[in-house]
Amino acid sequence: MISLFGKATDRLCQKLDAAASNGEDIEMESLFSRLTLDIIGKALFKYDFDSLTNDTGIVEAVYIVLREAEDRSVAPLPYWDILIFKDISPQQERSFFSSDQ
């Protein structure tokens, strides 16, 4: 595991070094999320997402799902079951219509 973490961290450092050399701004939360996904993919599934270099949209999709799960876990009412709510929330509307297909 240490080797896996080391290799992933090295790729992250290379990306940060390149960005610093070019004077680029970096969204650190997204970068660390991508690093985490790469480590989990390799450690648990033996799959290389390579999300530090390839932007396939999977990180954003995962975080949309995680945010929704978090919101639902702390919601005082099950708003996702209220049909009228789809007219108020675009996020819920997207979720509502995608589940019908």
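It should be noted that the structure appears before, not after, this text.
I will try to describe carefully the structure that is included in this document. All values derive from a computational prediction rather than experimental measurement.

Here we come to the packing of aromatic side chains. Under the criterion given, the structure shown has 1 aromatic pair. Where Tyr47 meets Phe49, the ring centres are 4.9 Å apart and the plane angle is 75 degrees; that geometry is what we call edge-to-face. Since its relative accessible area comes to 47%, Tyr47 is described here as partly exposed.

What follows deals with helix 2 (residues 28-45). End to end, helix 2 covers 25 Å across 18 residues, agreeing with the expected 26 Å (1.5 Å per residue, within 8%). Inspection of helix 2 places Ser30, Leu31, Ser33, Arg34, Leu35, Leu37, Asp38, Ile39 and Gly41 among the buried residues, and these make up the whole buried set. At the C-terminal side of helix 2, Lys46 shows a positive phi close to 55 degrees.

About the criteria used
- Residues numbered from 1 in each chain as written.
- Predicted model: local features only at pLDDT ≥ 70, side-chain atom pairs only at ≥ 80, totals over all residues.
- Heavy atoms only, no water.
- Phe/Tyr/Trp six-rings, centres within 6.5 Å; stacked < 30°, edge-to-face > 60°.
- Buried < 20%, exposed > 50% of the residue type's maximum accessible area, 1.4 Å probe, protein only.
- Helix = DSSP H or I, 4+ residues; strand = E, 2+ residues; numbered from the N terminus.
- Expected span 1.5 Å × (residues − 1).

Note that all results are geometric; they support no functional claim without further evidence.
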